[in-house]
Amino acid sequence: MARQIRIFDTTLRDGEQSPGASLTPSEKLRIAHQLSKLNVDVIEAGFPIASVGDFEAVRAIAQEVQGPEIAGLCRAVPGDIDRAWEALQYAGKPRIHTFIATSDIHLKHKLKRTRDQVRKAAVDAVARARSYTPRVEFSAEDAVRSDFGFLCEMVSAVIDAGASVVNIPDTVGYSTPSEFGPLIGRLMECVPNVNQAVISVHCHNDLGLAVANSLAAVEHGAQQVECTINGLGERAGNASLEEIVMALKVREDLYDASTGVNTRQLYPTSRLVSSLTGIAVQPNKAIVGDNAFAHEAGIHQHGVLQAAETYEIMDARSIGRAESQLVLGKHSGRHAFERHLRELGYELGHDDLNRAFYQFKELADKKKQVSDRDIEFVVADAVAGAPEALHLEYLHVATGMDIVPTATVRLLRNGQPVQEARTGVGSVDAVYRAIAKLSGVKHQLVDFTVQSVTGGTDALADVTVRVSWRNRVFTGRGSSMDVIEASAKAYVQAVNRVLLARDQAAKR
Ligand code: KIV
Ligand code: ZN
């Protein structure tokens with residue numbers, strides 16, 4: 001029988017470390033519910049000591065999300081472990097994930113500690129975590145660049161101290177499959193008590209090898225893979241969950257290993273994460289990219305029409321991509337809309353559904369064809385996010401060939417109307433100057449992109465804005481049939497996130 005590989009999703013922790021991917025606690029909760037539907041084994045919900053927002057998100061996920069284990073990250077420090085437990089204690093299956101670096105590079109330059117000191121800190125941390133729960137994971141940060149003998153000693157010591165999972169990360173994405181696979185194999189042979197714990201891997205993608213390295217590790221005995229939706233994560237990201245899962249499924253003959261993931265939820269999960277983080281999926285991305293199942297060359301199209309297996313190694317429906325091009329229009333009723341949302345992987349509460357349905361009807365009135373991608377944006381817009389300090393109430397733009405673009409913007413700031421008029425080099429510039437003035441917080445605009453969700457001049461415009469505040473990047477996203485309105489909504493959302501972070505920082 002095929003070995004079962006556990007899937008540890010760290011989209012909400014390592015994935016959220018992608019620049020600009022910051023999510024509000026309520027957005028994290030939505031993603032966690034979707035990850036539970038996807039049936040991952042573990043959801044790493046955050047790093048509770050890192051911020052009040054992270055703590056709240058981990059606690060809410062622990063309280064509400066059923067099914068997977070819920071993990072929280074902490075350094076090998078007593079205060080971190082206690083704080084993680086404070087947030088995790090409500091979970092049905094809580095897991096404390098503690099880590100410390102083991103490479104001499106990190107010991108010398110970052111930790112300034114000896115190997116003995118690091119071993120003691122790790123053992124003490126695992127023992128403290130064990131006093132709270134039997135589900136304790138230990139990660140040897142920068143394991144790949146660690147001395148192999150010391151790494152084996154560390155793994156053995158933390159298993160003796162009670163770690164039930166030991167994770168071997170390629171923190172800097174330096175390894176290659178022919179090196180990383182055998183490293184795991186040798187570890188399995190050299191650590192005497194290795195069978196008392198699950199051996200996990202966590203690969204970064206700096207050389208584009210994170211998925212290949214993780215799969216090589218599975219071939220050499222790894223039993224858990226840590227990965228993220230859309231491959232999000234620190235720097236070049238982590239191993240992409242959808243690629244790992246589908247490689248194990250499509251090539252089960254080779255790996256003799258499978259996962260418990262409900263693959264039909266892969267595509268809806270990818271879309272949800274992309275829309276909430278504002279980080280687009282590249283069109284040629286394996287499994288979930290727009291082009292992953294598109295056949296352009298005539299000879300390929302002909303082959304696929306005769307027999308799909310000529311050029312397709314998997315069925316688009318197996319990952320939940322059987323997108324109906326046009327399903328809903330202005331005559332569609334609420335039940336059809338709700339049923340269709342469920343097919344797309346959305347389960348909305350009563351108020352969110354009402355708002356989404358109202359917005360869908362408005363769009364269907366203006367647009368002949370409402371596609372699934374349009375609906376995704378309608379839902380993202382309609383679902384209640386964090387309480388908004390600023391709300392766009394009114395927008396007027398005067399522009400043309402021979403006039404100076406001028407914008408008047410009215411926002412509700414904590415419920416009170418505030419208004420500003422500004423000129424600019426273009427209409428978006430004028431609107432942005434007015435919003436910046438009204439925002440009440442100093443920040444820089446670092447990025448602005450516009451995409452059309454579907455084709456045609458009546459397409460929804462999807463605008464993504466990134467702003468920086470105190471060296472952190474915040475993303476906002478807005479959609480509308482009018483590009484100026486979409487731009488204003490996106491900017492207001494980004495500023496709202498800055499204001500939320502500022503309030504949280506003030507509470508600390
Ligand atoms: O990349 C890494 O080493 C990590 C650990 C904290 C698991 O993210
Ligand atoms: Zn990592």
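Residues numbered from 1 in each chain as written. Chains lettered and ligands numbered in written order. Predicted model: local features only at pLDDT ≥ 70, side-chain atom pairs only at ≥ 80, totals over all residues. Heavy atoms only, no water.

S.K.: Could you give an account of the site of ligand 1, with specific residues and numbers?
M.R.: What surrounds ligand 1 is the set Arg13, Asp14, His97, Phe99, Ser139, Glu141, Asn167, Pro169, Thr171, His202 and His204. The separation between an oxygen atom of ligand 1 and a polar side-chain atom of Arg13 is 3.0 Å. The side chain of His202 places a nitrogen or oxygen atom 3.1 Å from an oxygen atom of ligand 1. In isolation ligand 1 has 260 Å² of accessible area, and contact with the protein removes 94% of it. Taken together, the elements giving at least two residues each to the shell around ligand 1 come down to strand 5 (94-101), strand 6 (136-141) and strand 7 (165-170). Partitioned by chemical class, the residues of the shell around ligand 1 number two nonpolar, six polar and three charged. (Near = heavy atom within 4 Å. Polar contact = N/O pair within 3.5 Å; in protein donor to acceptor, adjacent residues only side chain to side chain. Areas by Shrake-Rupley, 256 points an atom, 1.4 Å probe, with all protein chains shown as cover. Helix = DSSP H or I, 4+ residues; strand = E, 2+ residues; numbered from the N terminus. Nonpolar A, V, L, I, M, F, W, Y, C, P; charged D, E, K, R; others polar.)

S.K.: Tell me about the packing of aromatic side chains, residues and numbers included.
M.R.: Under the defined criterion, the tally for this structure stands at eight aromatic pairs. Aromatic pair Phe337 and Phe357: ring centres 5.5 Å apart, planes at 50°, arrangement tilted. Note that Phe337 is positioned in helix 13 (residues 334-343) and Phe357 in helix 14 (residues 350-366), a separation of 20 residues in sequence. Accessibility classification places Phe337 together with Phe357 in one group, the buried group. One aromatic cluster is present, formed by Phe337, Phe357 and Phe360 through successive ring pairs. Across the ring face of Phe148, the terminal group of Arg186 is positioned such that the distance to the ring centre comes to 4.1 Å. (Phe/Tyr/Trp six-rings, centres within 6.5 Å; stacked < 30°, edge-to-face > 60°. Buried < 20%, exposed > 50% of the residue type's maximum accessible area, 1.4 Å probe, protein only. Lys NZ or Arg CZ within 6 Å of the ring centre and 35° of its normal.)

S.K.: Help me get a handle on the environment of Leu500, residues and values and all.
M.R.: The residue Leu500 is located in helix 17 (residues 483-507) in this model. In this structure Leu500 comes out as partly exposed when scored by relative accessible area, which is 23%. Through-space distance from the C-alpha of Leu500 to that of Ala389 is 8.0 Å; in sequence the pair is 111 residues apart.

S.K.: Go over the sheet that holds strand 8 (residues 198-203), please, and point to the residues and values.
M.R.: Ordered in space as 2-3-4-5-6-7-8-9, the eight strands form a closed barrel in which the pairing is parallel. Each strand of the sheet is rotated relative to its neighbour by a mean of 25°, with strand direction disregarded. Looking at chain direction, strand 5 and strand 6 are connected through six bridges and run parallel. Bridged to Ile100 within strand 6 is Ala140. Running at roughly 150° to strand 7, helix 6 (residues 148-160) makes contact with strand 5, strand 6 and strand 7 of the sheet. (Pairing = 2+ DSSP bridges. Axes fitted to C-alpha atoms, helices over the stretch in contact; angles between N-to-C directions. Contact = heavy atoms within 4.5 Å.)

S.K.: Kindly report on helix 3 (residues 78-88), identifying the contributing residues and their values.
M.R.: Residues of helix 3 that are buried: Asp80, Ile81, Ala84, Trp85, Ala87 and Leu88. All buried residues of helix 3 project into a common sector of 160° when viewed along the axis, lining one side. Packing partners of the buried residues in helix 3 comprise helix 2 (52-64), strand 4 (69-75), strand 5 and helix 5 (115-130). (Arc of directions from axis to C-beta.)

S.K.: Mind laying out helix 9 (residues 241-250), listing which residues take part and the relevant values?
M.R.: Helical geometry: 3.6 residues make up each α-helical turn, so side chains three or four residues apart lie on a common side. Burial within helix 9 is extensive, with seven of its 10 residues counted as buried. Restricting attention to buried positions, one finds in helix 9 the residues Leu241, Glu242, Ile244, Val245, Met246, Ala247 and Leu248.

S.K.: Report on the domain arrangement of the chain, specifying residues and quantitative values.
M.R.: In terms of domain boundaries, the chain breaks down into domain 1 (3-277), domain 2 (298-382) and domain 3 (390-507). For domain 1 and domain 3, the distance between their C-alpha centres works out to 37 Å. Taken together, the 12 residues of domain 1 in the interface contact nine residues of domain 3. Approximately 840 Å² of surface area, both sides summed, lies buried where domain 1 meets domain 3, with 42% of it carried by carbon and sulfur atoms. Our enumeration of links across domain 1 and domain 3 arrives at one salt bridge. A salt bridge links Glu27 to Arg497; the shortest N-O distance between them is 2.2 Å. Elements supplying a minimum of two residues to the side of domain 1 that touches domain 3: helix 2 and helix 11 (266-277). (Domains from an automatic or database assignment. Buried area = accessible area lost by both parts, 1.4 Å probe. Salt bridge = Lys/Arg side-chain N within 4 Å of Asp/Glu carboxyl O.)

S.K.: With reference to specific residues and values, describe the coordination of the zinc ion (ligand 2).
M.R.: Within the first shell, the zinc ion (ligand 2) binds the protein through Asp14 (OD), His202 (NE2) and His204 (NE2), at distances of 2.0 to 2.2 Å. Every donor residue of the zinc ion (ligand 2) comes from the same chain, spaced as D-x187-H-x1-H. Residue Asp14 is found in the loop between strand 2 (6-9) and helix 1 (25-38), and its partner His202 is found in strand 8; the two are separated by 188 residues along the sequence. You'll find Asp14 and His202 in the same group, each marked buried. (Donors = N, O, S within 2.8 Å, 3.2 Å for Na, K, Ca; no water.)

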